[in-house]
Amino acid sequence: ERFVEFIDVEKSYDGRTFAVTRLNMHVAKGEFLTLLGPSGSGKTTTLNMLAGFERPTHGSITLNGQPVDRLPPYERNIGMVFQNYALFPHMTVEENVAFPLSVRKFSKTETTQRVHKALDMIQLRKFGDRRPGQLSGGQQQRVALARALVFEPSLVLMDEPLGALDKKLREHMQLEIKQLHSMLGVTIVYVTHDQSEALTMSDRVAVFNNGGIAQIGTPDSLYTQP
Ligand code: ADP
Ligand code: ADP
């Protein structure tokens, strides 16, 4: 049930001020949890600590009962998608999607099968030989999604993944991410400052303010609270 757990987590970058304070929250297996809040409220810091990029100043974060910062990066089994897709520009779409498998030492046969399956999932199989620069913004973001999902991570972290897209494409990608979430049953922690995006996509929303959670609950419960 408590697949991810934050217990009394605090983070200070400068030893004086706190980017995150007294953070207690859990994420259930298969859940889609969104961290919603204004710029500077501590969302990215929270995600980076969960990814193991930053260490909490106090408190603990566990993944499947194990402290995240004690697991070697590739054993954390976490997929990530960020706003500026960060696809490798000199690699083809297939090579980009295959990359997480190569660093995890999957066999050639298994790699090919998984890459093709992932490209089918995002309907870009026929663009496998293209480079990112030859794709539209939405297509590039779909490749980033495929790359994050190809090794079947148990947890996927997304930080403003649709921030660079226009409104129409953003709404389309919201549906696509929701469909992938229910199809794969993967646990997602998603960061956005867009309230409608948070309410449309999530099972639960954690509303961040000043480094802490001001409210947490289902989209319905957040609306009916006074
Ligand atoms: P959000 O994702 O909600 O915009 P952040 O977690 O990025 O919030 O930032 C929370 C606070 O921590 C801000 O005051 C920000 O300036 C500070 N902060 C974030 N990252 C760093 C860093 N690497 N070094 C120093 N301060 C940082
Ligand atoms: P969708 O999943 O909605 O098809 P796309 O990212 O494929 O999203 O396309 C979004 C928009 O970008 C569409 O209007 C499409 O016509 C346009 N588009 C698609 N491919 C390219 C490309 N290589 N260069 C420029 N625009 C493109």
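The protein is annotated in an unreviewed UniProt entry as Spermidine/putrescine import ATP-binding protein PotA from Phyllobacterium brassicacearum. Heading Subcellular location (unreviewed entry) of the UniProt record for the protein holds this comment: "Cell inner membrane". Among the UniProt annotations of the protein, the heading Subunit (unreviewed entry) holds the following wording: "The complex is composed of two ATP-binding proteins (PotA), two transmembrane proteins (PotB and PotC) and a solute-binding protein (PotD)."

This next bit is on the overall build of the protein. Secondary structure assignment for the protein yields seven helices and ten strands. On C-alpha atoms alone, the protein measures out to a radius of gyration of 18 Å, which is about the 17 Å that the 2.2 N^0.38 rule sets for 226 residues. Burial statistics for the protein: of 226 residues in total, 50% are counted as buried. Considering only contacts within the protein whose residues lie at least 6 apart along the sequence, 69% involve residues at least 24 apart. Only carbon and sulfur atoms are counted for the fraction: they give 50% of the accessible area of the protein, which is about 11400 Å². In the protein, 25 positive and 24 negative side-chain charges are present, and the distance between their average locations comes to 4 Å.

The next subject is the site of ligand 2. Around ligand 2 sit Gln134, Ser136, Gly138, Gln139, Arg142, Leu169 and His172, and that is every residue in its neighbourhood. Within the contact set of ligand 2, an oxygen atom lies 2.6 Å away from a side-chain nitrogen or oxygen of Ser136. In the complex, the protein chains occlude 44% of the 550 Å² of accessible area that ligand 2 would expose alone. At the level of elements, helix H4 (137-149) and helix H5 (167-184) are the ones that each hand at least two residues to the shell around ligand 2. When grouped by side-chain class, the residues that make up the shell around ligand 2 number one nonpolar, five polar and one charged.

Let us now look at unusual backbone geometry. Positive phi outside glycine occurs at Asp8, with the angle close to 45°. Mapped onto the elements, Asp8 comes out in strand S1 (residues 4-11). Taking relative accessible area as the criterion, Asp8 reaches 43% and is therefore assigned partly exposed. Located in the positive-phi region is Arg22, a residue other than glycine, with phi close to 35°. On the secondary structure map, Arg22 appears in strand S2 (residues 20-27).

Looking now at the nonpolar core. Across soluble globular proteins, nonpolar side chains have a tendency to be buried as a group. Formed by 33 residues in total, the largest nonpolar core has its most connected members in Val97, Val143, Leu145, Met158, Ile177, Ile188 and Tyr190. Among the secondary structure elements, those contributing two or more residues to this core are helix H2 (93-103), helix H3 (108-121), H4, strand S7 (155-159), H5 and strand S8 (187-192). The greatest single-element share of this core, amounting to six residues, is contributed by H4. Excluding its chain neighbours within four sequence positions, the residues that come into contact with Tyr190 are Phe32, Leu33, Thr34, Leu35, Met158, Pro161, Leu162, Ile177, Glu197 and Met201.

Counted under the stated rule, the structure contains twelve salt bridges. Here Arg55 ties to Asp69 by a salt bridge, and the two come within 3.5 Å at their closest N and O atoms. Of this pair, Arg55 sits in the loop between helix H1 (43-51) and strand S4 (58-63) while Asp69 sits in the loop between strand S5 (66-67) and strand S6 (78-82), and the two are 14 residues apart along the sequence. The partner of Lys167 in a salt bridge is Glu171, and the shortest N-O contact between them spans 3.1 Å. With a gap of four residues between them, Lys167 and Glu171 both fall in helix H5, about one helical turn apart. Looking at Lys167, the relative accessible area reads 56%, which means it is exposed. Via salt bridges that share partners, Glu110, Arg114, Lys117 and Glu152 belong to a single interconnected network.

The next thing to look at is the sheet that holds strand S9 (residues 204-209). Strand order in the open sheet made by the six strands is S6-S7-S8-S3-S9-S10, with mixed pairing throughout. The two strands at the open ends of the sheet, each matched to only one other strand, are S6 and strand S10 (212-217). When strand polarity is set aside, the average angle formed by the axes of neighbouring strands in this sheet is 15°. As paired strands, S6 and S7 are joined by five bridges and run parallel to one another.

On to the layout of surface pockets, then. Quantified by volume, the largest pocket comes out at close to 470 Å³. Along the wall of the largest pocket there are 21 residues; nearest its centre are Tyr74, Ile78, Met80, Arg104 and Phe151. Those elements giving two or more residues to the lining of the largest pocket turn out to be S6, H2 and H4. The leading source of residues in the lining of the largest pocket is S6, at five residues. Across the lining of the largest pocket, the residue classes break down as 16 nonpolar, two polar and three charged. Size it by volume and the second largest pocket reaches roughly 230 Å³. Mapped by element, the contributors of at least two residues to the lining of the second largest pocket are H3 and H5. Take the lining of the second largest pocket: its biggest share by element is four residues, from H3. The residue makeup of the lining of the second largest pocket, split by class, is eight nonpolar, no polar and three charged.

Parameters and conventions
Residues numbered from 1 in each chain as written. Chains lettered and ligands numbered in written order. Predicted model: local features only at pLDDT ≥ 70, side-chain atom pairs only at ≥ 80, totals over all residues. Heavy atoms only, no water. UniProt positions renumbered as here; feature names shortened; annotations may be inferred. Helix = DSSP H or I, 4+ residues; strand = E, 2+ residues; numbered from the N terminus. Rg over C-alpha atoms; globule rule 2.2 N^0.38 Å. Buried < 20%, exposed > 50% of the residue type's maximum accessible area, 1.4 Å probe, protein only. Contact = heavy atoms within 4.5 Å. Areas by Shrake-Rupley, 256 points an atom, 1.4 Å probe, with all protein chains shown as cover. Lys, Arg positive; Asp, Glu negative; His and termini not counted. Charge placed at Lys NZ, Arg CZ, Asp CG, Glu CD. Near = heavy atom within 4 Å. Polar contact = N/O pair within 3.5 Å; in protein donor to acceptor, adjacent residues only side chain to side chain. Nonpolar A, V, L, I, M, F, W, Y, C, P; charged D, E, K, R; others polar. Core = buried A, V, L, I, M, F, W, Y, C linked by side-chain atoms within 4.5 Å. Salt bridge = Lys/Arg side-chain N within 4 Å of Asp/Glu carboxyl O. Pairing = 2+ DSSP bridges. Axes fitted to C-alpha atoms, helices over the stretch in contact; angles between N-to-C directions. 1 Å grid on protein atoms, 1.4 Å probe; cavity = no way out; pocket = protein on both sides within 12 Å on 5 of 7 lines; lining within 4 Å. Points joined across faces, edges and corners; volume = space filled by probe spheres on them.

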